[in-house]
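Fold and contact review
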Amino acid sequence: MRRARRDDFSRRLVRENGLSPDNLILPVFVLDGAKKTEPVASMPGVLRRTVDELLPVAEQALTLGIPALALFPVIEPGLKTAGAEEAWNAKGLVPRAVRELKKRFPELGVITDVALDPYTTHGQDGLIDTSGYVVNDETLVALSKQALAHAEAGVDIVAPSDMMDGRVAALRRAMDEKGFIHTRILAYSAKYASAFYGPFRDAVGSGTSLGKGDKKNYQMDPANSDEALHEIALDLEEGADYVMVKPGMPYLDIVRRVKDRFGVPTFVYQVSGEYAMLQAAAAQGWIDGEACMMEALLSFRRAGADAILTYFAIDAAKRLKG
Ligand code: PBG
């Protein structure tokens with residue numbers, strides 16, 4: 001075994017998996033207003049940006065060969081309601097950001113999140129009844145309106161991250177009826193009720209709204225694996241173009257099972273808490289941050305992921321470009 005490992009050339013000859021900028025998707029946090037950036041305390045190196053401040057990042061991503069961005073809005077507290085009406089405001093932050101990005105960089109893929117949590121006063125991804133339970137079918141109506149507002153703005157891919165039952169079918173039907181036959185669906189199919197989303201909730205401000213609440217009655221139980229295959233099968237049947245496993249590194253076994261079973265485009269989300277852990281240890285000098293970043297990203301590819309949503313996308317693409 002060691003003869004093949006002896007030199008760089010001979011290691012490269014037998015390397016089974018690789019990482020390219022083509023495999024990366026950059027999640028970004030969008031603020032309302034102009035000429036403003038804000039650091040996210042729990043995600044060193046990540047900034048919330050107004051749309052004008054986002055344009056140079058989009059251009060950099062494009063130059064580095066990153067195929068797509070995923071937008072996450074920071075919604076002002078005054079615009080949040082129990083019914084999340086701002087989520088389908090055609091002039092809202094997300095549709096405006098999509099229009100601007102697609103106008104400036106038509107060749108850059110733009111992905112939007114479909115879920116109500118940035119827009120609800122209670123921080124849940126769906127609408128709630130008087131007991132606080134997230135109601136499924138009423139939420140599907142709201143999500144369809146939200147996806148349509150994004151499609152009308154020209155988004156390339158809508159990504160439902162809400163984990164309601166039947167959302168992929170509802171979105172597909174709503175978009176097809178209005179003629180948005182090319183708008184793709186990236187389904188957060190196996191999305192777990194994970195504690196690794198903490199820094200993200202700080203970044204978009206949904207954590208304070210959620211308070212002591214949790215999402216366990218719609219996001220998956222971290223103990224489950226077969227159930228992920230069931231979720232994926234349903235989303236594919238309903239018309240998902242791509243499926244996703246989330247979080248990433250603690251769920252590599254799920255990525256592998258999904259890829260083996262279905263052989264469909266399988267994405268993985270290296271979530272905010274994973275990013276924060278690596279950055280924190282690197283900042284302490286306890287690990288080599290860059291090397292660990294590249295190793296973690298490669299592990300997703302080895303597990304079977306096609307594309308990776310990662311806050312490291314720019315850093316990794318720079319490294320890959322040499
Ligand atoms: C919300 C959403 C979340 C993430 C992406 N979309 C958080 C949640 O479900 O509470 C998490 C991403 C991350 O942690 O990086 N629908």
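This write-up is about the structure you can find in this document.

Conventions adopted
In this numbering scheme, every chain counts its residues from 1 along its sequence in written order. In keeping with the model being predicted, local features are shown solely for residues with a pLDDT of at least 70 and side-chain atom pairs are shown and tallied solely at 80 or more, while totals for entire chains, interfaces and linings include all residues. A run of H or I in DSSP counts as a helix once it spans at least four residues, and a run of E counts as a strand once it spans at least two, with each numbered from the N terminus. This entry defines residue contacts through backbone-placed C-beta atoms, with two residues in contact when those atoms are within 7 Å. With C-beta atoms placed from the backbone, the exposure class of a residue follows from how many other C-beta atoms lie within 10 Å of its own: 20 or more, buried; 12 or fewer, exposed; in between, partly exposed. The criterion for strand pairing is that DSSP finds at least two bridges linking the strands in question. We call a crossover right-handed when, viewed with the strands running away from us, the connection from the first strand over the helix to the second turns clockwise.

1. Notes on the environment of Leu140
- Counting through the fold element by element, Leu140 comes out in helix α5 (residues 136-153).
- In sequence terms Leu140 and Leu127 are 13 residues apart; their C-alpha atoms lie 9.3 Å from each other.
- Among residues more than four places away in sequence, those in contact with Leu140 are Met164, Gly166, Arg167 and Ala170.

2. Describing the pairing of strand β9 (residues 266-270)
- Judged by how many residues are buried, β9 sits mostly within the fold: 5 of 5 residues are covered.
- Here β9 shows no split at all, with Thr266, Val268 and Gln270 on one side and Phe267 and Tyr269 on the other all buried.
- The pairing of strand β8 (residues 242-246) with β9 spans 3 bridges and is classified as parallel. Its bridge partner lying in β9, Met244 is registered against Phe267.
- Handedness of the β-α-β unit built from β8, helix α10 (residues 252-262) and β9 comes out right-handed.
- Alignment of β9 against strand β10 (residues 307-310), held across 4 bridges, turns out to be parallel. Residue pairing for β10: Gln270 is matched across the bridge by Thr310.

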